[in-house]
Amino acid sequence: MSKNWNIERRTFLRGAAGALVPLPFLNLMENSAKAATADLAGDSTPPLRFVTLFKPNGVHPPSWNIEGGKENDFRMSPLMAPFAKHKDDLLILDNMGDFGFSSHSNSTRRFLAGHHENRKSASVDQLIADRIKGDTAHRSLELTTEGLFTNQIDCSYISYNEKGDRIPRESDPQLVFDRLFRNPMRDAGQRQEISSLLDRVRDDAKGLQRKAGREDQETLEEYFTVVRETEQRLEKMTPVSGPGGVDFSSLRRPEGSADMNEQVEAMLDVMAMALWTDSTRCISYMLGNSNSRMVFDFLGIKKQHHYLSHFFRNFSRENIDALLKISLWHMEKFDYLLTKLKSYKDQNGSLLDHSIVLFGSGMGHSDNHTAQRIPIVLAGKGGGRLKTGRYLRYSKNQELGRLHLALLQKFGVESESFANSSAPLPGLDGGQFDEYKERPFETWVKTGKGKMTVQGRLRMSDNLDEAKVFYIDVDDKRSVRIEVSFGDFHGFNLAYHVGTPITLTGNTSERNGRVVLTKVTGLKSIFGKSKPGKANG
């Protein structure tokens, strides 16, 4: 094909009423792509994208945590099952966070700002957006599923500008689609005459397809199909306001949307399209506020997510089942996004190959609000900047600021520190890191006169009927069962010490023919800190 047929990377199809449709990368754009990306990568590699997906209310640790896994030899946990098929595209990070407790508002600030006290600088997504925005139409997108939680407004934001101020979010996928691919400020009467975005650019599209080779024609057909299917899905989400369609003259979210599952999947569709067409390269999306009050009635659940997340103090088998059902839904949406990004061709690979997706929360244990073992997963190879298919469990707690600093450097942002971290998190590219290794320790138990002292590794019960029960394993003896009040659970921060060796002292009683520790009077960590503390948020 003649070079005269080459087109610019930033090419739009044009139609009536000012319609502009951005396009995914085509072979026809290769020459212009080389020039456009030379500044960032030094060659003709595709642009990098950064996406964050925030999961509210932490996790149920026994269902999330990987125990006994090694960097290249690990089994994904039960909660990871929905996205297990993407294992080769993942970096699962463990021992992320810090010692102590985390409030809900602090957990949102921590997720992209590194530390809850980092309140006067931009979040990591915004710094990356400044570096990679290029000539995209939209520097970044900040999206959410849930409205504002006015009682604790900070729970509703994860992105912050250069002054540390909250950046408003958008929640309606229909309006986001409109802003990206239409002109949302056009007269509503004109909108009623338009049946489809693609119908408006039909002639321009046909002309382009005649110039394109077979591979580009296939890419265009796939893209046009995705646009039309997304339009059709969005049209079904809300009732029409008149005989001609939805009235977009107001930017308020239309009432009467479909269930939340359809809303979220529609937003993920729009996100993938925005990245594929290079309309933006940076997106943050909250699957809920950090103390989400959403009710997942479409899953048959009638209680608020936040209430269910406190599974120790509000324990019942029905509640824990509902909590895990919600968490699995979050994991399914992560899988949905990754599947979409992998399905879209992007130059010499997939859209996911040239992206870094950060999925996780801002706290670990959903009831005790620990700032330790926060669930964090990176997906996508970042154009070769990440070595995926690995599980990295660090020997010591790693503040999220170290991860953020490493990501800034991967995206070419020059920074010597971020939040309160001055050293980037090691190992993301396959380099050396200080891996967690079990240190030897003795186990024993001493009992007498209604009291007990036991030394061993603390664990939560794997039995969901015992979600409030802990055990300490003792060599060659029956595990010590621990059933304590919420006061002991919270005051001694049992959730923090799970998986580590401790010496525990307390009072006992006999239950069902078994001596059970029912009151904690002392706890000492063998290798770490013992008192929970609150200094780190």
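Located above this text is the structure these notes cover.
What you are looking at is a predicted structure, and each value in this text was computed from that prediction instead of being measured.

Asks: Talk me through the overall build of the protein; I want residue IDs and the actual numbers.
Replies: Summing up its helical and strand segments, the protein has 15 helices and 17 strands in all. Element-wise, carbon and sulfur atoms account for 46% of the exposed surface of the protein, whose accessible area totals about 22500 Å².

Asks: Talk me through the side chain of Arg390; I want residue IDs and the actual numbers.
Replies: Note on placement: Arg390 falls in strand β11 (residues 390-398). With a relative accessible area of 1%, Arg390 lands in the buried category. Among the polar contacts listed, one links the side chain of Arg390 to the backbone oxygen of Gly427, at a separation of 2.4 Å. There is a polar contact of 3.2 Å between the side chain of Arg390 and the backbone oxygen of Leu428. Ignoring anything within four residues of it in the chain, the contact list for Arg390 reads Glu71, Asn72, Phe74, Leu90, Leu91, Ile92, Gly427, Leu428, Asp429 and Gly430.

Asks: Help me get a handle on the pairing of strand β9 (residues 355-360), residues and values and all.
Replies: Counting buried positions along β9 gives six out of six residues, so the element sits mostly inside the fold. Relative to β9, strand β3 (residues 49-54) runs parallel, the two being bridged by six bridges. Within β9, the residue paired with Leu53 across the bridge is Phe359. Pairing of β9 with strand β10 (residues 376-379) involves four bridges; the strand directions are antiparallel. Bridge assignment links Val357 to a residue of β10, and that residue is Ala379.

Asks: Before we move on, could you go through the side chain of Asn95 and cite the residues and values that matter?
Replies: Looking at the element boundaries, Asn95 is found in strand β4 (residues 90-96). A relative accessible area of 5% means that Asn95 is categorised as buried. At a separation of 2.5 Å, a polar atom in the side chain of Asn95 contacts the main-chain carbonyl oxygen of Tyr394. Filtering out sequence-adjacent residues up to four positions away, Asn95 remains in contact with Gln372, Arg373, Arg393, Tyr394, Ser395, Lys396, Asn397, Gln398 and Tyr436.

Asks: Can you explain the packing of aromatic side chains? Please cite residues and give values.
Replies: This model, assessed by the stated rule, comprises 15 aromatic pairs. Measuring from centroid to centroid gives 5.8 Å for Phe296 and Phe298, while their planes differ by 45 degrees, and the two rings are tilted. Arranged with centres 5.3 Å apart and planes meeting at 65 degrees, the rings of Tyr394 and Phe433 form a pair that is edge-to-face. On the criterion of sequence distance, the pair formed by Tyr394 in strand β11 and Phe433 in the loop between α13 (400-410) and β12 (444-448) is long-range, its members being 39 residues apart. Three or more aromatic residues joined by ring pairs make a cluster, and in this case those are Phe312, Phe470, Phe486 and Phe489.

Asks: Provide a residue-level description of the environment of Gly69, including the pertinent values.
Replies: Tracing the sequence through the fold places Gly69 in the loop between α2 (61-64) and β4. A relative accessible area of 17% means that Gly69 is categorised as buried. If we skip the residues at most four places from it in the chain, Gly69 touches Phe74 and Tyr391.

Asks: Would you mind going over the pairing of strand β14 (residues 470-473) in detail, with residue names and values included?
Replies: Summarising the sheet, strand β13 (residues 451-460) and β14 pair through four bridges and their orientation is antiparallel. When the bridges of β14 are listed, Arg457 appears paired with Asp473. Here β14 pairs with strand β15 (residues 480-482) via three bridges, running antiparallel. Its bridge partner lying in β15, Ile472 is registered against Val480. Counted between consecutive antiparallel strands, the loop separating β14 from β15 contains six residues, among which Asp476 sits at a positive phi close to 60 degrees.

Asks: Requested: an account of the environment of Arg390, with residues and values cited.
Replies: Distance in space between the C-alpha atoms of Arg390 and Asp88 is 7.6 Å, their sequence separation being 302 residues. Here the side chain of Arg390 touches Glu71 through a polar contact of 2.6 Å, side chain to side chain.

Asks: Residue-level account of the packing of helix α5 (residues 173-181) against helix α10 (residues 260-276), with values.
Replies: Contact geometry for α5 and α10: axes closest at 9 Å, N-to-C directions at 15 degrees. By the criterion of interaxial angle, the relationship of α5 to α10 is roughly parallel. α5 and α10 meet at a crossing whose hand is left-handed. Seen from α5, the contacting residues are Pro173, Val176, Phe177, Leu180 and Phe181; seen from α10, they are Gln263, Ala266, Met267, Val270, Met273 and Ala274. Of the residues assigned to the contact of α5 with α10, the class counts are ten nonpolar, one polar and no charged.

Parameters at a glance
- Residues numbered from 1 in each chain as written.
- Predicted model: local features only at pLDDT ≥ 70, side-chain atom pairs only at ≥ 80, totals over all residues.
- Heavy atoms only, no water.
- Helix = DSSP H or I, 4+ residues; strand = E, 2+ residues; numbered from the N terminus.
- Areas by Shrake-Rupley, 256 points an atom, 1.4 Å probe, with all protein chains shown as cover.
- Buried < 20%, exposed > 50% of the residue type's maximum accessible area, 1.4 Å probe, protein only.
- Polar contact = N/O pair within 3.5 Å; in protein donor to acceptor, adjacent residues only side chain to side chain.
- Contact = heavy atoms within 4.5 Å.
- Pairing = 2+ DSSP bridges.
- Phe/Tyr/Trp six-rings, centres within 6.5 Å; stacked < 30°, edge-to-face > 60°.
- Axes fitted to C-alpha atoms, helices over the stretch in contact; angles between N-to-C directions.
- Parallel < 35°, antiparallel > 145°, perpendicular 65-115°, else oblique.
- Left-handed = near helix turned anticlockwise from the far one by under 90°.
- Nonpolar A, V, L, I, M, F, W, Y, C, P; charged D, E, K, R; others polar.

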